[in-house]
Amino acid sequence: MTPPETEPGSPPRPAPTPAALHPAQAPASPQPAASPRAAQALASPQPAQPPAAPSPAHTPATPSPAHTPARQGLPARPTAEAGLPTRPAEAGPGRLLVVTAVEAEAEAVRAGADPLTVHVVPVGVGPAAAAAGTARLLALAEARGHPYRAVLSAGIAGGFPGRAEVGATVLGARSIAADLGAEAPGGFLAVEELGFGSSVADADAALLATLASALPHAVVGDVLTLATVTGTASTAAALSSRFPAAVAEAMEGFGVACAARDAGVPFAELRTISNPVGPRDRAAWRLAEAFSALTTATAKACG
Ligand SMILES: O=C(O)c1cccc(C(=O)CC[C@H]2O[C@@H](n3cnc4c(=O)[nH]cnc43)[C@H](O)[C@@H]2O)c1
């Protein structure tokens, strides 16, 4: 992740074409967002290695912090521990980590992904759960000597009508914390305007290029991260106006990106559209269609 080249609401950059994005045709000088690990991010991993000595998280007799009284009253940690390597085939170095919010999304990704090269873990809904869960997984993998080669925030999302329709696949050029800032009488002030850092996480350029090449029909644009699902026409219109390059909104991407940035791991976001961004109509969400598209997209990108 790099500092934003443009303001959060800047107009769309031209969508990269698959040919322009193919790694073999990438410019000799990578964009700043590209990292050394990115070129191999979706390539075949190195041979699997035996797992390191079991950690407390693997040893029921030694409770992990997740089981201490401090967590009483909190929801159960989704499956972060279940996501740790437990057998040699799962312990190979350099796998791709795919982080979802809920198990249903993880199942859809697993149905299309190669389990030897891709590790799929649901870490909870919202940017805080996403950041905490991803940071923990990345740190544990690095401590065991098997860091992930890249991390992908994946799942379903709301699509901005006219930009990404229900059933579409979306790749995030940037993941933007759209509600990180302050309300003011004159409108929303992003953290950039408050002098508190950045609300924008660029996708790793090489990783995005590889994904776009594998998914030529995907819509490439900004994906907003919000702690609250948009549920009125007025909020949808305000977001659409503030973020003309936004194609979708979800709840985790920016959190996953922050964890990836701190770990020095390439990041990207992949979403399939289950519903339009607009007045709340939960019954109209096309979950089956979005999960099916998620399986198809993962199979093409990392199957
Ligand atoms: O029914 C609800 O209002 C609701 C509230 C929070 C989460 C959900 C989920 O189904 C969790 C899955 C996941 O879906 C993403 N998502 C899907 N559509 C949208 C949207 O229009 N705006 C924001 N996020 C969306 C999000 O990443 C959730 O974690 C349901």
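Keep in mind that what you see is a predicted model, and the values were worked out from it rather than measured.

Peer 1: Describe the environment of Val-191, with residues and values.
Peer 2: Along the polypeptide, Val-191 turns up in helix α4 (residues 191-194). We classify Val-191 as buried; its relative accessible area is 7%. When the C-alpha positions of Val-191 and Asp-179 are compared, they lie 9.3 Å apart, and in sequence the two are twelve residues distant. In this structure Val-191 touches Leu-180, Gly-181, Phe-196, Gly-197, Ser-198 and Ser-199, once residues within four positions along its chain are discounted.

Peer 1: Give a description of the environment of Gly-124 that names residues and reports values.
Peer 2: Looking at where Gly-124 falls in the secondary structure, it is placed in the loop between β2 (118-122) and α3 (127-143). Given a relative accessible area of 10%, Gly-124 falls into the buried group. Separated by 109 residues in sequence, Gly-124 and Ala-233 have C-alpha atoms that sit 27 Å apart.

Peer 1: Describe the pattern of salt bridges, listing the residues and the values that go with them.
Peer 2: For side chains of opposite charge, pairing can occur when their charged atoms come near one another. Inspection of the entire model under this criterion finds five salt bridges. With a closest N to O distance of 3.0 Å, Arg-261 and Asp-262 form a salt bridge.

Peer 1: Outline the side chain of Glu-269, supporting the account with residue identities and numerical values.
Peer 2: Mapped onto the elements, Glu-269 comes out in strand β10 (residues 267-276). Exposure remark for Glu-269: the relative accessible area of 0% places this residue in the buried category. Within polar-contact distance, the side chain of Glu-269 engages the side chain of Arg-271 at 2.9 Å. Leaving out residues up to four positions away in the same chain, Glu-269 has contacts with Leu-152, Ser-153, Val-170, Leu-171, Gly-172, Ser-175, Val-223, Ala-250 and Gly-253.

Peer 1: Can you tell me about the nonpolar core, naming the residues and giving the values?
Peer 2: Residues Leu-96, Val-98, Val-118, Leu-152, Leu-171, Leu-211 and Leu-215 are the most contacted members of the largest nonpolar core, which totals 30 residues. Contributing elements (two or more residues each) for this core: β1 (96-100), α2 (103-110), β2, β3 (150-159), β4 (169-177), α5 (205-214), β10 and α8 (287-302). Counting residues per element, this core draws most heavily on α8, at six residues. Ranked by size, the runner-up nonpolar core spans 20 residues in total, among them Leu-97, Val-123, Phe-254 and Cys-258.

What counts as what
Residues numbered from 1 in each chain as written. Predicted model: local features only at pLDDT ≥ 70, side-chain atom pairs only at ≥ 80, totals over all residues. Heavy atoms only, no water. Helix = DSSP H or I, 4+ residues; strand = E, 2+ residues; numbered from the N terminus. Buried < 20%, exposed > 50% of the residue type's maximum accessible area, 1.4 Å probe, protein only. Contact = heavy atoms within 4.5 Å. Salt bridge = Lys/Arg side-chain N within 4 Å of Asp/Glu carboxyl O. Polar contact = N/O pair within 3.5 Å; in protein donor to acceptor, adjacent residues only side chain to side chain. Core = buried A, V, L, I, M, F, W, Y, C linked by side-chain atoms within 4.5 Å.

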